[in-house]
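# Structural characterization, general
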Amino acid sequence: MRRYVQHSEHILIFECDNVKLLFAVAAEIGAAQGGGTELLNLLRIMVLCLLGSAANLRAQPADVDGEKEIERYRAMINDPMANPGYLAVDRGEVLWAMARGGKNVSLEKCDLGAGPGVLDGVAAHLPRYFADADQVMDLEQRLLHCMRTLQGLDTKDVIARRFGSPGKTSDMEDLVAFIGNKSLGMKYQASLSHPKEREMANIGEAMFYRRSAINDFACATCHGDDGRRIRLQALPDLSKPGATAREVMASWPAYRVSQSQTRTMQHRLWDCYRQMRMPAPDYASEGITALTMYLAKLGDGATINVPSIKR
Amino acid sequence: MVRIFFLACLLALPALAQTPDPARVEAVVAASFASAPAGWKSRVTQDALQEICSLTRNQPSAAQAEAITAAAKASVVLPPDSAIIGDWRNGEKIAQNGQGGQFSDAPGTVSGGNCYACHQMALSEISYGTLGPSLSKYGKLRDFELADARATFAKIFNPHVTLACSTMPRFGLNKVLTAQQIADVVAFLFDPASPVNTDTK
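Conventions adopted
Residues numbered from 1 in each chain as written. Chains lettered and ligands numbered in written order. Predicted model: local features only at pLDDT ≥ 70, side-chain atom pairs only at ≥ 80, totals over all residues. Heavy atoms only, no water. Helix = DSSP H or I, 4+ residues; strand = E, 2+ residues; numbered from the N terminus. Polar contact = N/O pair within 3.5 Å; in protein donor to acceptor, adjacent residues only side chain to side chain. Contact = heavy atoms within 4.5 Å. Buried area = accessible area lost by both parts, 1.4 Å probe. Salt bridge = Lys/Arg side-chain N within 4 Å of Asp/Glu carboxyl O. Expected span 1.5 Å × (residues − 1). Buried < 20%, exposed > 50% of the residue type's maximum accessible area, 1.4 Å probe, protein only. Core = buried A, V, L, I, M, F, W, Y, C linked by side-chain atoms within 4.5 Å. pLDDT = per-residue confidence, 0-100. Axes fitted to C-alpha atoms, helices over the stretch in contact; angles between N-to-C directions. Parallel < 35°, antiparallel > 145°, perpendicular 65-115°, else oblique.

With that settled, consider the side chain of Gln102(B). For Gln102(B), the position within the fold is in the loop between helix H6 (88–96) and helix H7 (115–118). Of note is the side chain of Gln102(B), whose polar atom sits 2.6 Å from the side chain of Arg274(A).

What follows is the structure in structure tokens.
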């Protein structure tokens, strides 16, 4: 299993620049092993590479077809072994159990809301209020908290690598993918019983409508209405609860084909603020958790499907 | 009947949501962008218009709207008539260009107007957004009148001149586009030779 992960990772680092090369490698493995899962996975990665280049055809007529193609492939690769997001899940599993930090212990006693070490279903209730920190935390904030308090880990490096890039994995993206996946198929149920959770959702809602920076954009500028688009990109309406909001809430973290990385909501909102011409929001800041809490409230009842695949 | 019920629910929504103390929201925002570099800090705080339009969710009261449009009109710096309509070819590039102003941009990146992100313009460009109305045949529909071109310059400079809490960016006031760039975009809309006016698809 590890070998497959390492191997596939290596291929992913090549980053689809040379699909021909991948075919050559696949042929070699095929010759050496007479097929097998490794070859199959390579072939799947090649499909994803082609899919990736379809996703990169931005803002051109081909984009319409690109979107359709992605739909087709998305259906095709709705198989855990073919979704590269599962590489992050596997790495996250290792990181969860790895002894680290000044105290040289793993994260296995970290309390994500359902008691120390409980993983099943916890993502279905995050963000939530944690009494020990007297704070509403999303999964990233909670993991950083556990790294600092439980492991005695200096999180500087982890935060520096908060968003992975080809050849440079992110512990946080991997851990979130692993933990999120532990709620696969479960119903998302926003935690809104504590007053601080409700306050967070309300602050997030205010931030959703808050206009700022040189273009006066708010989240609501693009996501305040049904059926709108920027260029050809359809925009989810996140101003009201419903199927659209549920689909959004259920599908992060996601493997982003256009970035060849598994991304979490932290990255998604960071990228939205980039497009809003705001400065980069601080990682694991209160505001990002507030917005996530607002989205969580709208997306209540979603069936969790992570890691999903997005363009 | 169902529709009336639906409307009633919609009207009840803002009342149901507890509005948090704006000062608390601002504190959360400030803390969440605390490490913004010096030159970017001003983007985190709001000016008066942004504040009103945010708190009212772009539905200002009549008095607020009047004040906003009056201030917008006073803010517009119009060039002489001879410089209202520039070069439509440049204008087309500016309308297509969505770069600039993002923290991922290389320093010195010239901002585009990104009009196509929100508007249909020349019919031959099928990759257009729908956040704003179609501007197809914009000049032709107005008989290429200079007065309309002047009003359009003002609209692009500060869209609140005609609609308080418009969601379109204040391209001129916020110095996203220069006067020359705005004139070029106006030409894209108002030059009879521009594909905005000649395209039949």
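Further remarks concern the interface of chain B and chain A. Residue-level contacts link 52 residues of chain B with 40 residues of chain A. Buried area between chain B and chain A, summed over both chains or domains, comes out near 4200 Å², and the portion from carbon and sulfur atoms is 53%. Among the residues of chain B in contact with chain A, Phe33(B), Phe103(B) and Leu131(B) are the three that bury the most area, contributing 17% of the side total. At the junction of chain B with chain A, the criterion picks out five salt bridges. Arg57(B) is the partner of Glu205(A) in a salt bridge, and the nearest nitrogen-oxygen pair spans 3.0 Å. At the junction of chain B with chain A, the criterion picks out 29 residue pairs in polar contact (both at pLDDT 80 or more).

What follows deals with helix H9 (residues 195–208) of chain A. Between the first and last C-alpha of H9(A) there are 20 Å, a value that for 14 residues agrees with the 20 Å anticipated at 1.5 Å per step. Listed as buried for H9(A) are Glu197(A), Met200(A), Ala201(A), Asn202(A), Ile203(A), Gly204(A), Glu205(A), Met207(A) and Phe208(A). Where H9(A) is buried, its residues meet strand S1 (128–130), strand S2 (135–137), helix H10 (219–223), helix H12 (265–275) and helix H13 (286–298) of chain A together with helix H2 (22–32) of chain B.

Attention now moves to the nonpolar core. Residues Tyr188(A), Met207(A), Phe208(A), Met265(A), Tyr273(A), Met278(A) and Leu291(A) are the most contacted members of the largest nonpolar core, which totals 43 residues. Listed by contribution, the elements that provide at least two residues to this core are H9, H10, helix H11 (243–250), H12 and H13 of chain A together with H2 of chain B. Ranked by size, the runner-up nonpolar core spans 31 residues in total, among them Ala95(B), Cys115(B), Met121(B) and Ala154(B).

To continue, consider the confidence of the model for chain A. Residue and element names in this part refer to chain A. Taken over all residues, the pLDDT of chain A has a mean of 83, while the share at 70 or more is 74%. Every residue in residues 1–43 scores below 50 in pLDDT, and together they form 50 contacts with partners more than four places removed in sequence or on other chains. Every residue in residues 47–62 scores below 50 in pLDDT, and together they form 28 contacts with partners more than four places removed in sequence or on other chains.

As a further point, take helix H8 (residues 171–181) of chain A. Residues and elements named next belong to chain A. In terms of burial, H8 is largely enclosed, as 11 of its 11 residues are buried. Looking only at H8, the buried set comprises Asp171, Met172, Glu173, Asp174, Leu175, Val176, Ala177, Phe178, Ile179, Gly180 and Asn181. Looking at the buried positions of H8, the neighbouring elements they touch are helix H5 (85–97), helix H6 (139–149), helix H7 (156–160) and strand S6 (261–263).

All names here are of chain A. The geometry of H9 relative to H13 is characterised by a closest axis approach of 7 Å and an angle of 95 degrees between their N-to-C directions. Judged on the interaxial angle alone, H13 and H9 are roughly perpendicular. The segment H9 lies against H13, with Glu197, Met200, Ala201, Asn202, Ile203, Gly204, Glu205, Met207 and Phe208 engaging Glu286, Gly287, Ala290, Leu291, Met293, Tyr294 and Lys297.

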